[in-house]
Amino acid sequence: MGISIWQLLIVLGIVILLFGTKKLRNIGGDLGGAIRGFKKSMNEDDKKDDDPDAIEEESDVKAHEAHAEEKPRDKSHS
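Just so it is clear, the structure is predicted and the values come from calculations on it, not from any experiment.

A. Seen up close, the overall build of the chain. When helices and strands are counted, the chain shows three helices and zero strands. Carbon together with sulfur atoms contributes 60% to the accessible area of the chain, which is approximately 7600 Å² in total.

B. Spatial organisation of a nonpolar patch on the surface. Among the surface-exposed residues, Ile 3, Ile 5, Trp 6, Leu 8, Leu 9, Leu 12 and Ile 16 lie close enough to one another that they form a single nonpolar patch of about 750 Å² accessible area. Mapped onto the elements of the fold, Leu 8 is located in helix H1 (residues 5-19). Owing to a relative accessible area of 47%, Leu 8 belongs among the partly exposed residues under this scheme.

C. Representation of H1 within the structure. Taking 1.5 Å of rise per residue, the 15 residues of H1 would be expected to cover 21 Å, and the 21 Å separating its terminal C-alpha atoms lies within 8% of that figure. Once H1 ends, the next one or two residues include Gly 20, with phi positive near 85°.

D. Fine view of a negative patch on the surface. Taken together, the side chains of Glu 44, Asp 45, Asp 46 and Asp 49 define an acidic patch exposed on the protein surface. On the basis of relative accessible area, Asp 46 is assigned to the partly exposed category, the value being 43%.

Rules used throughout
- Residues numbered from 1 in each chain as written.
- Predicted model: local features only at pLDDT ≥ 70, side-chain atom pairs only at ≥ 80, totals over all residues.
- Heavy atoms only, no water.
- Helix = DSSP H or I, 4+ residues; strand = E, 2+ residues; numbered from the N terminus.
- Areas by Shrake-Rupley, 256 points an atom, 1.4 Å probe, with all protein chains shown as cover.
- Patch = residues over 30% accessible without salt bridge, like charges linked within 9 Å, V, L, I, M, F, W, Y side chains within 5 Å.
- Salt bridge = Lys/Arg side-chain N within 4 Å of Asp/Glu carboxyl O.
- Buried < 20%, exposed > 50% of the residue type's maximum accessible area, 1.4 Å probe, protein only.
- Expected span 1.5 Å × (residues − 1).
- Lys, Arg positive; Asp, Glu negative; His and termini not counted.
- Charge placed at Lys NZ, Arg CZ, Asp CG, Glu CD.

Structure (structure tokens):
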């Protein structure tokens with residue numbers, strides 16, 4: 001008394017007709033990227049819990065990257 005394969009195929013066909021394959025591919029890619037980002041952040045949190053020194057090292061790296069990204073000002077327009 002569950003959903004048969006034919007019912008699933010009909011629903012899939014209707015979804016493809018409504019959204020199109022390109023849009024479904026984009027949605028799938030976005031969903032996959034979101035899941036990867038979530039897993040990555042969960043793994044980073046686990047590493048931080050295991051190694052308290054990692055928090056200090058990561059903050060030092062982020063501060064260094066932020067400083068490196070600052071662009072030097074053009075002094076000719078002063």
